Amino acid sequence: MTPAGRLLVVTLLALLVAAGAQPPQSTSTTSTSSSFKRSFTNPLGNETFFVLAECHDTGGEYTYLEVIAPADTVLPFHHHPNYDELMEVMNGEFHTTIDGVNRTYYTGESFVFPLGVQHKWWTPPAKGATVRIKLEPCFDGFHESIEIFSQLPEEMRKEIWVSAVLYMIGGTLIDDGPWYARLLFWVLRKLAQLNKGKKMEQELRQTYIGQNDEHPSATTKAAEEGVGGGADELWG
């Protein structure tokens with residue numbers, strides 16, 4: 001990798017860590033659901049993900065997840081151009097900023113992160129939260145990018161092409177940070193659209209989540225069909 005490439009990777013990882021990777025806190029790692037397909041932990045933020053239902057389980061209607069966020073977890077301002085996030089707090093305390101409005105939600109409360117609307121969320125220093133997330137229409141790329149990242153060898157996590165492809169698969173556009181951070185994310189999006197990026201996406205999916213042509217990439221499907229009206233923003 002060239003020195004410039006290494007600098008981009010280091011900068012990206014530093015931004016992600018500063019934005020969302022707080023020191024691990026003790027928290028429950030047991031799902032509130034007695035039935036889930038698989039689980040994994042985000043190495044950056046230490047959140048535990050439980051996959052409850054994916055696109056092929058729901059006929060493309062929604063993706064359903066449960067996430068256990070430790071205390072003092074922070075996800076910076078971002079938006080999703082392809083889906084709404086319907087959120088339900090199963091236990092704990094969940095703080096949000098949605099379109100400039102601050103709210104706190106507690107056990108049993110529900111709310112929505114609307115498609116295309118800038119938002120952020122965090123948990124307080126002394127208390128984590130367990131939330132159910134329903135993505136409508138379905139978008140498996142959100143959790144698949146984190147699942148792939150959680151299994152990658154340490155050295156692969158530093159590769160600029162890997163960072164670019166996972167950022168694109170995830171379908172989450174970061175709005176926070178200085179101009180050079182936004183420029184970096186723009187560069188990553190462009191790299192992922194090149195032939196090398198598309199080939200790497202296929203290889204990562206097949207290697208780490210066993211995906212085949214019978215279940216095409218949710219990201220690719222959204223780009224081809226314009227799901228949620230935001231595919232042009234994601235791929236443009």
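The notes below deal with the structure included here. Predicted model only: the values in this text are computed from it and were never measured. (Residues numbered from 1 in each chain as written. Predicted model: local features only at pLDDT ≥ 70, side-chain atom pairs only at ≥ 80, totals over all residues. Heavy atoms only, no water.)

## Here we look at the overall build of the protein
No. 1: In terms of helices and strands, the protein carries 7 helices and 10 strands.
No. 2: Buried residues in the protein amount to 49% of all 236 residues.
No. 3: For the protein, the share of sequence-separated contacts (at least 6 apart) that also reach a separation of at least 24 residues comes to 68%.
No. 4: By element, 54% of the accessible surface of the protein is carried by carbon and sulfur atoms, the whole surface being about 11000 Å². (Helix = DSSP H or I, 4+ residues; strand = E, 2+ residues; numbered from the N terminus. Buried < 20%, exposed > 50% of the residue type's maximum accessible area, 1.4 Å probe, protein only. Contact = heavy atoms within 4.5 Å. Areas by Shrake-Rupley, 256 points an atom, 1.4 Å probe, with all protein chains shown as cover.)

## Here's the deal with unusual backbone geometry
No. 1: In this model, E136 is joined to P137 through a cis peptide bond whose omega is -5 degrees.
No. 2: Mapped onto the elements of the fold, P137 is located in the loop between β9 (129-136) and α2 (141-151).
No. 3: One non-glycine residue, D99, lies in the positive phi region at around 55 degrees.
No. 4: When you line up the elements, D99 lands in the loop between β5 (84-98) and β6 (101-106).
No. 5: What makes D99 exposed here is its relative accessible area of 62%.

## Here we look at helix α4 (residues 179-193)
No. 1: The first and last C-alpha atoms of α4 sit 22 Å apart over 15 residues, in line with the 21 Å expected at 1.5 Å per residue.
No. 2: Taken together, the buried positions of α4 are A181, L184, F185, L188, R189, L191 and A192. Buried residues along α4 cover an arc of 165 degrees about the axis, so they all sit on one side. (Expected span 1.5 Å × (residues − 1). Arc of directions from axis to C-beta.)

## Things to note about the packing of aromatic side chains
No. 1: Applying the stated criterion across every chain yields a total of 11 aromatic pairs.
No. 2: Counting every residue linked through ring pairs, the aromatic cluster contains F94, Y105, F111, F113 and W121.
No. 3: Across from the ring centre of Y62, 4.5 Å away, lies the NZ or CZ of K134, which sits over that ring.
No. 4: One cation-aromatic arrangement involves R157 over F149; the distance from NZ or CZ to the ring centre is 5.0 Å. (Phe/Tyr/Trp six-rings, centres within 6.5 Å; stacked < 30°, edge-to-face > 60°. Lys NZ or Arg CZ within 6 Å of the ring centre and 35° of its normal.)

## What to know about the pairing of strand β8 (residues 119-122)
No. 1: For strand β4 (residues 74-79) and β8, the ladder comprises 3 bridges, and the chain directions are antiparallel. The residue bridging H78 from the neighbouring strand is H119, located in β8.
No. 2: Pairing geometry for β5 and β8, over 4 bridges, is antiparallel. Within β8, the position partnered with I98 by the bridge is H119. (Pairing = 2+ DSSP bridges.)

## Quick notes on the pairing of strand β2 (residues 48-53)
No. 1: A large share of β2 lies buried, amounting to 6 of its 6 residues.
No. 2: Where strand β1 (residues 38-41) meets β2, 4 bridges bridge the pair, whose relative direction is antiparallel. In the strand pairing of β2, F40 is matched with F49.
No. 3: Here β1 folds back onto β2 in antiparallel fashion, the turn holding 6 residues, of which N46 has a positive phi close to 70 degrees.
No. 4: Taken together, the 5 bridges between β2 and strand β3 (residues 63-69) define a ladder with antiparallel strand orientation. Paired with F50 across the strands is E66, a residue of β3.

## Re a nonpolar patch on the surface
No. 1: Side chains of W179, Y180, L183 and W186 sit close together on the surface and give an oily, nonpolar patch of about 500 Å² of accessible area.
No. 2: Note on Y180: relative accessible area 44%, which makes it partly exposed. (Patch = residues over 30% accessible without salt bridge, like charges linked within 9 Å, V, L, I, M, F, W, Y side chains within 5 Å. Salt bridge = Lys/Arg side-chain N within 4 Å of Asp/Glu carboxyl O.)

## Digging into the state of the cysteines
No. 1: Under the criterion given, the structure shown has 1 disulfide.
No. 2: One disulfide in the model links C55 with C138; its S-S distance is 2.3 Å. Classification of the bridge connecting C55 and C138 rests on its S-S torsion, roughly 110 degrees, and on that basis the disulfide is right-handed. Pair noted here: C55 is in the loop between β2 and β3 and C138 is in the loop between β9 and α2, with a separation of 83 residues, a long-range link.
No. 3: By relative accessible area, C138 is classed as buried at 11%. (Disulfide = S-S within 2.5 Å.)

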